[in-house]
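Chain by chain, the residues:
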Amino acid sequence: MRSTLTSTTRHCLLPLLCLCSALSAQAQNTFQRPGDAVEYRQAGFELMGTHFRRLNAMAQGKVAYDAKAVEDNMAVIAALSKLPFTAFVPGSDKVKGTEALPEVWSQPAKFQEAADKFQAEVGKLQAAVKGGKPEEVKVAAGAVGQSCKACHDSFKQKGH
Ligand code: HEC
């Protein structure tokens, strides 16, 4: 799996990524009930969202920029960014409490495209964080935020 990591992430993220890849492979096989998959993806989004808000507050200048804190939040976001997407399993569209719209399952290619766009923007944000220029981090974080919103607009219930 080493070869699948970019040089940007290898240095500081290897332990966390190994853990999360293992969890992600496991996730695809071990949801006992569709409700477990919903809980898993919601928890993943929630945590990723928390760390993205922290990073973005610094990126947008609302909170003093702390390069180390930005890097730490970035590591968590990168590690979590793929996990929720392993949990949109068949049958989990019908679970009470999910905010996922039926379009996730009826338009899988479009959903995948939105997820891929998001992953690409996360990759650019990682590169910007590594580059250490706050103004580039600001732009890249803005683009990540847009990609979250773009997917939510089409695939997540509003008002949550
Ligand atoms: C490709 C689609 C997609 C992308 C990209 C995406 N999300 Fe979501 N997100 C969803 C869907 C669908 C749900 C609803 C999940 C459910 O309730 O089953 C969701 C739910 C959430 C939730 C609510 C979790 C809960 O507790 O119920 C948060 C918070 C969230 N997303 C934050 C983010 C943030 C922040 C980003 C970007 C950094 C992001 N999402 C990117 C599709 C996406």
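Up top is the structure these notes are about.
It should be emphasised that the depicted structure is a prediction, and the values quoted were computed from it without experimental measurement. (Residues numbered from 1 in each chain as written. Predicted model: local features only at pLDDT ≥ 70, side-chain atom pairs only at ≥ 80, totals over all residues. Heavy atoms only, no water.)

Q: Could you clarify how one ought to interpret the overall build of the protein in this entry?
A: Helix and strand content of the protein: six helices and zero strands. The secondary structure elements of the protein, listed N-terminal to C-terminal, are α-α-α-α-α-α. For the protein, the residues scored as buried account for 37% of the 160 residues in total. Taking the contacts inside the protein whose residues are at least 6 apart along the sequence as the reference set, 70% of them involve residues at least 24 apart. Of the roughly 9300 Å² of accessible surface on the protein, a fraction of 58% belongs to carbon and sulfur atoms. (Helix = DSSP H or I, 4+ residues; strand = E, 2+ residues; numbered from the N terminus. Buried < 20%, exposed > 50% of the residue type's maximum accessible area, 1.4 Å probe, protein only. Contact = heavy atoms within 4.5 Å. Areas by Shrake-Rupley, 256 points an atom, 1.4 Å probe, with all protein chains shown as cover.)

Q: Quick question: what am I supposed to make of the packing of helix H2 (residues 34-59) against helix H3 (residues 67-80) here?
A: When two helices pack together, their arrangement is captured by the angle between the axes and the distance separating the axes. H3 packs onto H2 with a crossing angle of 150 degrees between their chain directions and a minimal axis gap of 9 Å. Classified by the interaxial angle, the pair formed by H2 and H3 is roughly antiparallel. The two elements H2 and H3 meet at a crossing, and its hand is left-handed. Taken together, the residues of H3 that come into contact with H2 (itself represented by Gly 44, Leu 47, Met 48, His 51, Phe 52, Arg 54, Leu 55 and Met 58) are Ala 69, Val 70, Asn 73, Met 74, Val 76, Ile 77 and Leu 80. The class makeup of the residues in the contact of H2 with H3 is eleven nonpolar, three polar and one charged. (Axes fitted to C-alpha atoms, helices over the stretch in contact; angles between N-to-C directions. Parallel < 35°, antiparallel > 145°, perpendicular 65-115°, else oblique. Left-handed = near helix turned anticlockwise from the far one by under 90°. Nonpolar A, V, L, I, M, F, W, Y, C, P; charged D, E, K, R; others polar.)

Q: Quick question: what am I supposed to make of the nonpolar core here?
A: Grouped burial of nonpolar side chains is what soluble globular proteins tend to show. Counting residues in hydrophobic clusters, the biggest one holds 20 residues, and the most contacted among them are Leu 55, Met 74, Leu 125 and Val 137. Of all the secondary structure elements, the ones that give two or more residues to this core are H2, H3, helix H5 (108-131) and helix H6 (134-155). Apart from residues no more than four positions distant in its own chain, Val 137 is found in contact with Leu 55, Ala 59, Tyr 65, Val 70, Leu 125, Ala 128 and Val 129. Listed in part, the seven residues of the second largest apolar core include Ala 100, Val 104, Ala 114 and Cys 151. (Core = buried A, V, L, I, M, F, W, Y, C linked by side-chain atoms within 4.5 Å.)

Q: Would you explain the packing of H5 against H6 in this entry?
A: Where H5 meets H6, the closest approach of the two axes is 8 Å, and the angle between their N-to-C directions is 165 degrees. As summarised for this structure, H5 and H6 are arranged roughly antiparallel, according to the angle between their axes. Between H5 and H6 lies a crossing whose hand is left-handed. Contacts between H5 and H6 involve Lys 110, Phe 111, Ala 114, Lys 117, Phe 118, Glu 121, Val 122, Lys 124, Leu 125, Ala 128 and Val 129 from the first element and Glu 136, Val 137, Ala 140, Ala 141, Ala 143, Val 144, Ser 147, Cys 148, Cys 151, Ser 154 and Phe 155 from the second. Of the residues contributing to the contact of H5 with H6, the split by class is 15 nonpolar, two polar and five charged.

Q: Explain the site of the ligand here, please?
A: What surrounds the ligand is a group of 22 residues, the closest being Glu 46, Thr 98, Cys 148, Cys 151 and His 152. Here an oxygen atom of the ligand and a side-chain polar atom of Arg 41 are 2.8 Å apart. Between the ligand and Glu 46 there is a distance of 2.6 Å, counted from an oxygen atom to a side-chain nitrogen or oxygen. (Near = heavy atom within 4 Å. Polar contact = N/O pair within 3.5 Å; in protein donor to acceptor, adjacent residues only side chain to side chain.)

Q: Just to check I follow, could you spell out the packing of aromatic side chains for this structure?
A: Aromatic ring pairs are defined here through the distance separating the ring centres and the angle between the ring planes. Enumeration over the complete set of coordinates arrives at nine aromatic pairs. Measuring from ring centre to ring centre gives 5.6 Å for Phe 45 and Phe 85, while their planes differ by 85 degrees; the resulting arrangement is edge-to-face. Of this pair, Phe 45 sits in helix H2 while Phe 85 sits in the loop between H3 and helix H4 (103-106), and the two are 40 residues apart along the sequence. Its relative accessible area of 28% is what places Phe 45 among the partly exposed residues. Between Phe 111 and Phe 155, the aromatic rings sit 5.1 Å apart at their centres with planes inclined by 75 degrees, giving edge-to-face as the arrangement. Of this pair, Phe 111 sits in helix H5 while Phe 155 sits in helix H6, and the two are 44 residues apart along the sequence. (Phe/Tyr/Trp six-rings, centres within 6.5 Å; stacked < 30°, edge-to-face > 60°.)

Worth remembering: the numbers are spatial, not functional.
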